[in-house]
Amino acid sequence: MIRGKIVSFTAQGAQTAARAAAVLSDCRMERYERGVDSSLRHTALSRMVQQAMVDCDLIVFVGSTGIAVRMCAPFLQGKQYDPAVIVIDEQGKFVISLLSGHLGGANALTKRLADGLHAQAVITTATDGRGAFAVDSWAKAHGCTVHEISEIKHISGAILAGRTVGLRSDFPVSGGLPQGLGQEGDCGIVVSVRTGEIPFGHTLHLVPKIVALGIGCRRGTPIEEIERAVCTVLEKEQVPLSAVFAVASIDVKKDELGLCTFCQRHGLPFLTYSAQELLAVAGEFSASAFVQNTVGVDNVCERSACKASAGGRLIRRKTPCGGITVALAIRDWEVVF
């Protein structure tokens, strides 16, 4: 769910802010009326915006673009970190996508707000202005991480210049390719959970979040050892952590402090399954008599990774790392245009 704040400065702006919040009723939006709430002095507003730039997905200013620019400028981190920032004039006639139009989703939210308010959407990104393919917008819409942010400008620049951008995919591709994409080009896109292949002069990897990380470990294993084991396996496979959507193990580990802390640190769900559920997973797995006698199933990391990925395939089998075992499985996925 989108989390955000709507800030208004006048009585008229407060009415427009209420209408905007109603349009975004499925989002968790907090409203701040500076003209009403005396606690929102300039310094307090600046602190609120600073925190919102870190915690929120969206900030909507109902007022002038100048205020929005001055409030946000000191806290900008980069397009992969900044939230969507939108400005609406107090009468609700214009909705302006100001910041993070593609990766942050400001352009799409601007169109949505403009439709809901019967206003004019103002979107100034070149690809949107020309109706051209925007690689970062596509990535966000399809749950992919842009691995090399700096390469976006080369991809978009080539498309806007009328040059062909190459496409490589480890997954089936359905739908017609957008105009500007083809097999070859001096720059190109690779859709993969692995980032080691560099087939183009400028290569942009789009990494879908579809890898399940299966882990088995001894009781009381410190998080530092778990972190080290996971990083070792991911590096060997050239899979970034951004490709992982969940960590999985057997249910006797559901309260394992090291595993729980690792998942909390990286914002990953921790999925656990009973021995019976793991035994029911179809496939060929590395069997261990010791593990069988200890927890009632012959393999934890491979089976739990496959279970979490809904019967997906292993891309890294059981790998021992100092008393920890790690496996990677990938769920079915396709590139859809």
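Rules used in this analysis
Residues numbered from 1 in each chain as written. Predicted model: local features only at pLDDT ≥ 70, side-chain atom pairs only at ≥ 80, totals over all residues. Heavy atoms only, no water. Buried < 20%, exposed > 50% of the residue type's maximum accessible area, 1.4 Å probe, protein only. Helix = DSSP H or I, 4+ residues; strand = E, 2+ residues; numbered from the N terminus. Pairing = 2+ DSSP bridges. Contact = heavy atoms within 4.5 Å. Axes fitted to C-alpha atoms, helices over the stretch in contact; angles between N-to-C directions. Parallel < 35°, antiparallel > 145°, perpendicular 65-115°, else oblique. Left-handed = near helix turned anticlockwise from the far one by under 90°. Core = buried A, V, L, I, M, F, W, Y, C linked by side-chain atoms within 4.5 Å. Phe/Tyr/Trp six-rings, centres within 6.5 Å; stacked < 30°, edge-to-face > 60°. Nonpolar A, V, L, I, M, F, W, Y, C, P; charged D, E, K, R; others polar.

Can you lay out the pairing of strand β3 (residues 58–62) for me, pointing to particular residues and giving the numbers?
With 5 of 5 residues buried, β3 is to be regarded as a mostly interior element. What you see with β3 is no split at all: Leu58, Val60 and Val62 on one side and Ile59 and Phe61 on the other are buried throughout. Inspection of the sheet shows strand β1 (residues 3–8) paired to β3 by 5 bridges, in the parallel sense. Across the sheet, the residue bridging to Lys5 is Ile59, located in β3.

A description of the sheet that holds strand β12 (residues 202–208) should follow, citing residues and the corresponding values.
Pairing is mixed in the open sheet, where 5 strands are placed in the order β7-β12-β11-β8-β10. The sheet is open, and its two borders are formed by β7 (144–146) and β10 (181–182), each paired with just one other strand. By the bridge criterion, 2 bridges tie strand β8 (residues 165–169) to β10 in an arrangement that is parallel. Paired with Gly166 across the two strands is Gly182, which belongs to β10. On the sheet, helix α7 (residues 152–160) packs against β7, β8, β10, β11 (187–191) and β12 and is oriented at approximately 120 degrees with respect to β11.

So what's going on with unusual backbone geometry? Residues and values would help.
The phi dihedral of Gln238 is positive, around 55 degrees, even though this residue is not glycine. Along the chain, Gln238 turns up in the loop between α8 (223–237) and β14 (244–250).

A description of helix α12 (residues 301–308) should follow, citing residues and the corresponding values.
Here α12 lies mainly inside the structure; 7 of its 8 residues are buried. When we look at burial in α12, the residues that qualify are Cys301, Glu302, Arg303, Ser304, Ala305, Cys306 and Ala308. Residues of α12 that are buried in the fold lie against β13 (211–217), β14, β15 (270–273), α10 (275–279), β16 (313–321) and β17 (324–330). At the exit of α12 stands Ala310, carrying a positive phi of roughly 55 degrees.

Account for the packing of helix α1 (residues 11–23) against helix α4 (residues 106–117), with residues named and values stated.
Two elements in contact, α1 and α4, have axes separated by 9 Å at closest approach and are oriented at 115 degrees. Judged by the angle between their axes, α1 and α4 are roughly perpendicular. The interaxial crossing formed by α1 with α4 has right-handed handedness. Residue-level contacts link Arg19, Ala20 and Val23 of α1 to Arg112, Leu113, Gly116 and Leu117 of α4.

Go over the sheet that holds strand β4 (residues 84–88), please, and point to the residues and values.
Strand pairs in the sheet, formed through backbone hydrogen bonds, run parallel or antiparallel to each other. The 6 strands lie next to each other as β2-β1-β3-β4-β5-β6, forming an open sheet whose pairing is mixed. In this open sheet, the two edge strands, each paired with only one partner strand, are β2 (28–33) and β6 (120–122). The average angle at which neighbouring strand axes cross in this sheet is 20 degrees, direction not considered. Of the pairings in the sheet, the one linking β4 to strand β5 (residues 94–99) comprises 4 bridges and is antiparallel in character. Bridge pairing in β5 links Ile88 to Val95. Sitting on the sheet, α1 touches β1, β2, β3 and β4, and the angle it makes with β1 is about 160 degrees.

Please give an account of the nonpolar core that cites residues and values.
In terms of nonpolar packing, the biggest core is built from 50 residues, with Ile189, Val193, Leu206, Leu213 and Phe262 touching the most fellow members. Among the elements that take part in this core, α8 stands out by supplying 6 residues, more than any other. In this view, Leu206 contacts Val135, Trp138, Ala139, Cys144, Thr145, Val146, Ile189, Val190, Val191 and Ser192; residues no more than four positions away in its chain are not counted. The next biggest cluster of nonpolar side chains, apart from the first, holds 20 residues, and it includes Ile6, Leu58, Ile86 and Leu109.

Summarise the packing of aromatic side chains; cite the residues concerned and give the values.
Counting across every chain of the model gives 3 aromatic pairs. Summarising the aromatic geometry, the rings of Trp138 and Phe337 are spaced 5.3 Å apart at their centres and angled 35 degrees between planes, so their arrangement reads as tilted. With a gap of 199 residues between them, Trp138 in helix α6 (residues 135–141) and Phe337 in the segment after β18 (335–336) connect regions that are remote in the sequence. On the numbers, 5.1 Å between centres and 80 degrees between planes, the contact of Phe171 with Trp333 is edge-to-face. Placement of the pair is Phe171 in the loop between β8 and β9 (173–174) and Trp333 in the loop between β17 and β18, with a sequence separation of 162 residues. Among the aromatic residues, those joined into a cluster by ring pairs are Phe133, Trp138 and Phe337.

Give a detailed account of the packing of α8 against helix α9 (residues 257–266), specifying residues and quantitative values.
At a minimum axis distance of 8 Å, the contact between α8 and α9 shows a crossing angle of 60 degrees. Viewed along their axes, α8 and α9 form a crossing whose handedness is right-handed. Taken together, the residues of α9 that come into contact with α8 (itself represented by Ile223, Ile226, Glu227 and Val230) are Gly258, Leu259, Thr261, Phe262, Arg265 and His266. When the residues that make up the contact of α8 with α9 are grouped by side-chain class, the tally is 5 nonpolar, 3 polar and 2 charged.

Please set out the environment of Val191 residue by residue, giving values where relevant.
Assignment of secondary structure puts Val191 in strand β11. Sequence separation of Val191 and Gln179 is 12 residues, and the distance between their C-alpha atoms is 17 Å. Ignoring sequence-local partners within four residues, the contact set of Val191 consists of Leu167, Arg168, Ser169, Asp170, Phe171, Leu206, Pro208, Trp333 and Val335.

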